[in-house]
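Inside the fold
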Amino acid sequence: MSVPLSACPACDAAPLAKAQAGKGVAGNGMEGKRIMLSLPHIYCAACIAGVEGNLAQQDGVRAARVNLTLKRATVDVDPDVEPETLANYLTGIGFEAYELDAGQLTSTATDKMGKDLLMRLGVAGFAMMNVMLLSVAVWSGATDATRDMFHWISAAIAIPTIGFSSQVFFKSAWTALRVGRLNMDVPISLAILLALGMSLYETAQSGEHAYFDAALSLTFFLLAGRYLDYRTRSVARSAAEELAALEVPRALRLTDAGDEQVSVAELAVGDIVRVVPGARVPVDGIVVTGESELDRSLLTGESLPVAAGPDTVVSTGEVNLTGPMTVRVTAAGRDSSLHRMADLVAIAETARNRYTSLADKAAKIYAPLVHILALGAFLAWLWISGGDVRLALNIAVAVLIITCPCALGLAVPAVTTAASGRLFKQGMLLKSATAMERLAEVDHVVFDKTGTLTQGKPVMDENAQHRTQDLEIALALAEGSSHPLALSLTQAARAKGIVPAEVSRVHEVPGKGIEGIWNGKTVRLGRAEWLGANAVGQTATYLSVSGARPVAFTFTDRLREAVNEAISGLKAQGMGITLISGDVPAAVADIAGRVGISDWKADTLPEGKAEYVARLGKSGKRVLMVGDGLNDTAALAAAHVSISPASALEAARVVSDIVLLGQSMGPLGEATLMAKSATRRIKENFAIAAGYNAIAIPIALLGLATPLAAALAMSLSSVTVSLNALRLKKG
Amino acid sequence: MNVLVYLIPISLLLGGGGLAAFFWTLRSEQYDDPDGNSQRILSDRWDDRPPEE
């Protein structure tokens, strides 16, 4: 079919999709499989129709469904269809698509839990409203038989509802009690169960007060908090999973029968794998054949490529730049250097896990206090009334209900949902539940250089001395190569409107450069040593036209977007800023000067970085570490809170609390401010709850609380804290 | 007060109807893709007949 080309290819594809819908949907009897594709840039109705319609038209595709919220497509296909083919096809017609590793995505399992919570919430809401309706009738004066009937109907609704909806709390409370601990769910469960039992007894005795509505609204509000909390985490988790699933760990294994694609987990020591130019080295190993250059920046921070040939030791995560190589595996999977780095991380992480969140701190004071208060009220009234168990129990239940931990159960998740939702919109993904609170405490920021402050992509410097003819020849040579310098040169030359010269017999000399024939002369573009040129002190490639003096094209790593804004924003907040890199001093000093960081360190080993961060931490600083490489992972884990860009290695992203989803560093400055105001809101909510309890508890202790007062107070406090949390959304 | 005999069951039935509808929306995965659903109504793809399941 013809491929429509326009600014919005989806718009052209939409009518086509309508005509072709249905084709290819039917299966052919074979066992099918399910493919997930990530579609990061779809946004409109026409995009959905375009992707679904065009996919359905492909051979072997049975059904395709786009989820715009997750920006993902689920495709049911015949077993012989390769995900890569579909992704490439979609990218080709204008919908950027990436294959996702379905094994990394557990969203279906988590989804079930979300649905389960939502179902319980719905049932609790339904029951609460109906019982509240009946309770209003009782409060407004229903007496005798009418009141009893209303109470019995309420009981008939409340008992099954509590049995279903409150299970969440009962289960969690039971788990805690069994190991001899107290958690928030213990007083919650106790309040719900006691209120229910007490009300049943009162109803049977034709008593005046029943707390069915209170037990139900307690369940409803707390479940709402639980669901919000769950949603925030599942959004973060599914986005984090997607980042991981984008890197499908595959390797090309050489066998007697030829190359076969296998997952990295299947590789064994002694296997030979092929690493093509542009690919990441999947294992630790030794080069057997092939000459190339390696980009080690993710491991060491070095910005210059390193030459590699037979017997060179290579590590997981390095990128092969110029020539194809075969590598003999010396360590794969759990033994590889990537995983050894993880050991360093594990030690640092235990320290961080000890961080207790504000909610936990509050719960630690709250749970025992409530129990003591209720028990105290029960005993005191037993003594005052001279042994009236019914009255004493009534008051104890009122105390338990009045002290409802709505502020803890609803207000913290409400604030974190609002705040992390806003950060997500700005391109920051909070992976850890306590990341926000830790971010709010930061007073020192440590940056990595390559790939963090810079894009890790060299850009060719403008140089007036370059002759057009040289550029034309260089462009002709560079065009066919996938070396980053060649790519950048091609881009820069094209942007200047340079037309490639007529160069014949262009071929790449692995590990050295590119060679060709121009006007009968040999022309070369590549490393200084190869051309006999004098190397300049920065990243550069050289062009020699036989006979003439080699010309140098220099490159500078471009800064990530909005780095200056982020750093000046952090400085304005009075934070100390340090730049640490494994790169050579000259390169680090240059970047430090450009972004205005006066405190920098070069030539730092991974251990050195972690040690520096740990030392800052010991001296009382709260350190935020921003880094992307394998050499940063230990430091990321040692810091109080850590951020890595989405382009970082998976190992670095895993230990980070926050992932920057976009290319820009801009959200960084605002994020700390946001975290501070979110933490302030949480504290305010605690204050609101404490203030309300300060009034309500004495009333309950004196035995003056009625179910109406309890219902009013509970709803009011819940609504107040939620509204306070919503203020975050505005600013 | 005899009217209560009708009114209470009616209110419970109506509420229960709402709850059943909520269950149905939940079971048929109508909350999975809120952004997509709001966009899909703009497409005329299934205007003539619904897709075959």
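Attention shifts here to the overall build of chain A. Summing up its helical and strand segments, chain A has 25 helices and 26 strands in all. A buried classification covers 47% of the 731 residues belonging to chain A. For chain A, restricting intrachain contacts to residue pairs at least 6 apart in sequence, the fraction spanning at least 24 positions comes to 70%.

Segmentation of chain A into domains returns domain 1 (9-100), domain 2 (250-335), domain 3 (426-455 + 560-676) and domain 4 (457-559). Of note, the centres of domain 2 of chain A and domain 3 of chain A, computed from C-alpha atoms alone, are 29 Å apart.

Right, let's get into the sheet that holds strand β13 (residues 325-331) of chain A. All names here are of chain A. Here six strands make up an open sheet; going across it, the order is β6-β5-β7-β13-β8-β11 and the pairing antiparallel. The two strands at the open ends of the sheet, each matched to only one other strand, are β6 (258-263) and β11 (313-314). Both strand β5 (residues 250-255) and strand β7 (residues 272-275) contribute to a ladder of two bridges, which runs antiparallel. Among the inter-strand pairings, leucine 252 is bridged to a residue of β7, identified as arginine 274.

Residues and elements named next belong to chain A. Where helix α19 (residues 563-572) meets helix α24 (residues 667-701), the axes come as close as 7 Å, and the angle between the chain directions of the two elements is 30 degrees. Residues Glu565, Ala566, Gly569 and Leu570 of α19 touch α24, and the partners they reach there are Leu668, Gly669, Glu670 and Thr672. Here the residues of the contact of α19 with α24 sort into three nonpolar, three polar and two charged.

All names here are of chain A. Read across the sheet, four strands follow the order β2-β3-β1-β4 without closing on themselves; strand pairing throughout is antiparallel. Two strands close off the open sheet at either side, each with one partner strand: β2 (61-67) and β4 (98-100). Taking each pair of neighbouring strands and ignoring which way they run, the sheet shows an average axis angle of 30 degrees. Sheet analysis places strand β1 (residues 33-38) next to β4, joined by three bridges and oriented antiparallel. From the neighbouring strand, methionine 36 faces β4, where its bridge partner is leucine 100.

Attention now goes to the pairing of β1(A). Direction of pairing for β1(A) relative to strand β3 (residues 72-77) of chain A: antiparallel, over a ladder of six bridges. The partner of A:Met36 across the bridge, within β3(A), is A:Thr74.

Turning next to the interface of chain B and chain A. Taken together, the contacts link 20 residues of chain B with 22 residues of chain A. Taken together, the elements giving at least two residues each to the side of chain B that touches chain A come down to α1 (4-27) and α2 (34-40) of chain B. With nine residues, α1(B) is the largest single contributor of residues to the side of chain B that touches chain A. Taken together, the residues of the side of chain B that touches chain A sort by class into nine nonpolar, six polar and five charged.

In this structure, A:Ser206 takes a positive phi of about 55 degrees despite not being glycine. Its location among the elements puts A:Ser206 in the loop between α7 (185-204) and α8 (212-246).

All names here are of chain A. In this fold, aspartate 111 is placed in helix α4 (residues 107-139). Classification of aspartate 111 as partly exposed rests on a count of 15 C-beta atoms within 10 Å. In sequence terms aspartate 111 and serine 234 are 123 residues apart; their C-alpha atoms lie 8.3 Å from each other.

Turning to the pairing of strand β8 (residues 284-289) of chain A, a few remarks are in order. Residue and element names in this part refer to chain A. Across five bridges, β8 lies against β13 in antiparallel orientation. Within β13, the position partnered with isoleucine 286 by the bridge is arginine 328. Where β8 meets β11, two bridges bridge the pair, whose relative direction is antiparallel. By the bridge assignment for β11, glycine 285 is matched with valine 314.

Residue and element names in this part refer to chain A. As for its position among the elements, alanine 705 is in the loop between α24 and α25 (707-730). With 23 C-beta atoms packed within 10 Å, alanine 705 lands in the buried category. Sequence spacing of alanine 705 and isoleucine 162 is 543 residues, and the spatial spacing of their C-alpha atoms is 23 Å. Ignoring sequence-local partners within four residues, the contact set of alanine 705 consists of Ala398, Ile402, Ile699, Ala700 and Ala710.

All names here are of chain B. Taking 1.5 Å per residue as the helical rise, α1 with its 24 residues ought to reach 34 Å, and the 34 Å between its terminal C-alpha atoms agrees with that figure. With zero of 24 residues buried, α1 is to be regarded as a mostly surface element. Following α1 by one or two positions, glutamate 29 adopts a phi angle in the positive range, close to 55 degrees.

Residues and elements named next belong to chain A. Counted residue by residue, helix α16 (residues 468-478) has eight buried out of eleven residues, so it is predominantly covered. If you check which residues of α16 are buried, you get Asp470, Leu471, Ile473, Ala474, Leu475, Ala476, Leu477 and Ala478. The inward-facing, buried residues of α16 abut α17 (484-495), β17 (504-509), β18 (513-518), β19 (521-526), β20 (540-545) and β21 (551-559).

So, how was this worked out
Residues numbered from 1 in each chain as written. Chains lettered and ligands numbered in written order. Predicted model: local features only at pLDDT ≥ 70, side-chain atom pairs only at ≥ 80, totals over all residues. Helix = DSSP H or I, 4+ residues; strand = E, 2+ residues; numbered from the N terminus. Buried ≥ 20, exposed ≤ 12 C-beta atoms within 10 Å, placed from the backbone. Contact = placed C-beta atoms within 7 Å. Domains from an automatic or database assignment. Pairing = 2+ DSSP bridges. Axes fitted to C-alpha atoms, helices over the stretch in contact; angles between N-to-C directions. Nonpolar A, V, L, I, M, F, W, Y, C, P; charged D, E, K, R; others polar. Expected span 1.5 Å × (residues − 1).

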